[in-house]
Amino acid sequence: MAISNQDLRKAGLKVTLPRIKILELLENSRHHHLSAEDIYKTLLEQGEDVGLATVYRVLTQFEAAGIIQRHHFENNHSVFEIMQEDHHDHIVCQNCNKVVEFTNDIIEHEQHEVAKKFGFELTGHSLNLYGYCDAPACQEAFRKR
């Protein structure tokens, strides 16, 4: 879902070069979950003159406007992704911080069943699974635990 200049204006935000560059990074990154520091470093590598404080400010504005979503995975490191229409969950590598998005109909169904059992009607949820990915360095870190 590409965010347009008009979407920024509808959210009450001016269309500025830093905002456009940050959106482009979030939309086009191979890794869809980027930290403010990741974004800042990439902008510097691209020759952009943007400060880290600006990156944090823009991300906070985007989050407040519902354009992006912030995740706090187990390492207390905030990462951001473009808000998506379809729900998904995450599995996170505890060594390299790789994040994989997934959906599973059985898990979704069971969550609703658990909520019903305890007298709740779900309005949302967040499921993050943690482990070690299949990268050799991560498997080595897992064996050393």
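Everything numeric here is computed off the predicted structure, so don't read it as measured data. Numbers given for residues are sequential positions, taken from 1 along each chain in its written order. Local features in this predicted model are restricted to residues whose pLDDT is 70 or higher, and side-chain atom pairs enter the listing and the counts only when it is 80 or higher, whereas totals over whole chains, interfaces and linings include all residues. Side-chain figures throughout are based on the complete set of non-hydrogen atoms in the structure, without hydrogens or water.

Caption draft 1: Molecular detail of the packing of helix H3 (residues 36-45) against helix H4 (residues 52-64). Contact geometry of H3 with H4 gives a least axis separation of 9 Å together with a crossing angle of 125 degrees. In terms of their interaxial angle, H3 and H4 are classed as oblique. The way H3 lies across H4 gives a crossing that is right-handed. Along the contact surface, H3 presents Ala36, Glu37, Ile39, Tyr40 and Leu43, while H4 presents Leu52, Val55, Tyr56 and Leu59. Considered class by class, the residues forming the contact of H3 with H4 number eight nonpolar, no polar and one charged. The convention used is that axes are lines fitted to C-alpha atoms, helices contributing only their stretch in contact, and that angles between N-to-C directions extend from 0 to 180 degrees. Each helix is a run of DSSP H or I of at least 4 residues and each strand a run of E of at least 2, with the numbering of both proceeding from the N terminus. To sort the angles, those under 35 degrees are grouped as roughly parallel, those over 145 as roughly antiparallel, those from 65 to 115 as roughly perpendicular, and the leftovers as oblique. For any pair of crossing helices, the crossing counts as left-handed if the nearer helix is rotated counterclockwise from the farther one by less than a right angle, and right-handed if it is rotated clockwise. Contacts are assigned to residue pairs that have any heavy atoms within 4.5 Å of one another. Each residue receives one of three labels: charged for Asp, Glu, Lys and Arg, nonpolar for Ala, Val, Leu, Ile, Met, Phe, Trp, Tyr, Cys and Pro, and polar for the others, Gly being one of them.

Caption draft 2: Quick peek at a nonpolar patch on the surface. On the surface, Ile91, Val100 and Leu129 cluster together to form a nonpolar patch covering roughly 200 Å² of accessible area. Along the chain, the position of Val100 falls in strand E4 (residues 99-102). Each patch is built from residues that are more than 30% exposed by relative accessible area and take part in no salt bridge. Like charges join if they lie within 9 Å; nonpolar side chains (Val, Leu, Ile, Met, Phe, Trp, Tyr) join within 5 Å. Surface accessibility follows the Shrake-Rupley procedure with a 1.4 Å probe radius. Residue values consider only the protein chains on display as shielding. In what follows, salt bridge is the name for a side-chain nitrogen of Lys or Arg lying within 4 Å of a carboxyl oxygen of Asp or Glu.

Caption draft 3: Local environment of the sheet that holds E4. Strand order in the open sheet made by the three strands is E4-E3-E5, with mixed pairing throughout. Where the open sheet ends on each side, the last strands, each with one partner, are E4 and strand E5 (128-131). Averaged over all pairs of adjacent strands, the angle between strand axes in this sheet comes to 20 degrees, irrespective of strand direction. Of the strand pairs in this sheet, strand E3 (residues 89-93) and E5 are connected by four bridges, and their pairing is parallel. Its bridge partner being in E5, Val92 is matched across the sheet by Tyr130. Two strands qualify as a pair provided that DSSP identifies no fewer than 2 bridges between them.

Caption draft 4: The arrangement of the pattern of salt bridges in detail. Overall, the coordinates contain five salt bridges when judged by the stated rule. Among the ionic pairs, Lys21 bridges to Glu48, the shortest N-O distance being 3.5 Å. On the criterion of sequence distance, the pair formed by Lys21 in helix H2 (residues 17-28) and Glu48 in the loop between H3 and H4 is long-range, its members being 27 residues apart. Only protein chains enter the area calculation, which uses a 1.4 Å probe; residues under 20% of their type maximum are buried, those over 50% are exposed, and those in between are partly exposed. Relative accessible area serves as the criterion here: at 22%, Lys21 is assigned to the partly exposed category.

Caption draft 5: Here's a closer look at the layout of surface pockets. Both cavities and pockets are sets of points on a 1 Å grid over the protein atoms alone; in a cavity a 1.4 Å probe fits but cannot get out, in a pocket the set is open with protein on both sides within 12 Å along at least five of seven lines, and lining residues sit with an atom within 4 Å of a point. Grid points are joined across faces, edges and corners, and a volume is the space filled by probe spheres set on the points. Computed from the structure, the largest pocket encloses a volume of approximately 370 Å³. For the largest pocket, the lining is made up of 16 residues, of which His31, His33, Asn97, Lys98 and Val99 are closest to its centre. Class assignment of the residues belonging to the lining of the largest pocket gives a composition of five nonpolar, seven polar and four charged. For each domain, the first and last residues come from an automatic or database assignment. Looking at which domains feed residues into the lining of the largest pocket, each of domain 1 (1-84) and domain 2 (86-144) gives three or more. Approximately 270 Å³ is the volume attributed to the second largest pocket. Breaking the lining of the second largest pocket down by element, the ones donating at least two residues are strand E1 (68-72), strand E2 (78-82) and E3. Ranked by residue count, the leading element in the lining of the second largest pocket is E1, at four residues. Taken together, the residues that form the lining of the second largest pocket break down as four nonpolar, 10 polar and five charged. Three or more residues apiece are contributed to the lining of the second largest pocket by two domains, here domain 1 (1-84) and domain 2 (86-144).

In short, geometric facts, not functional conclusions.
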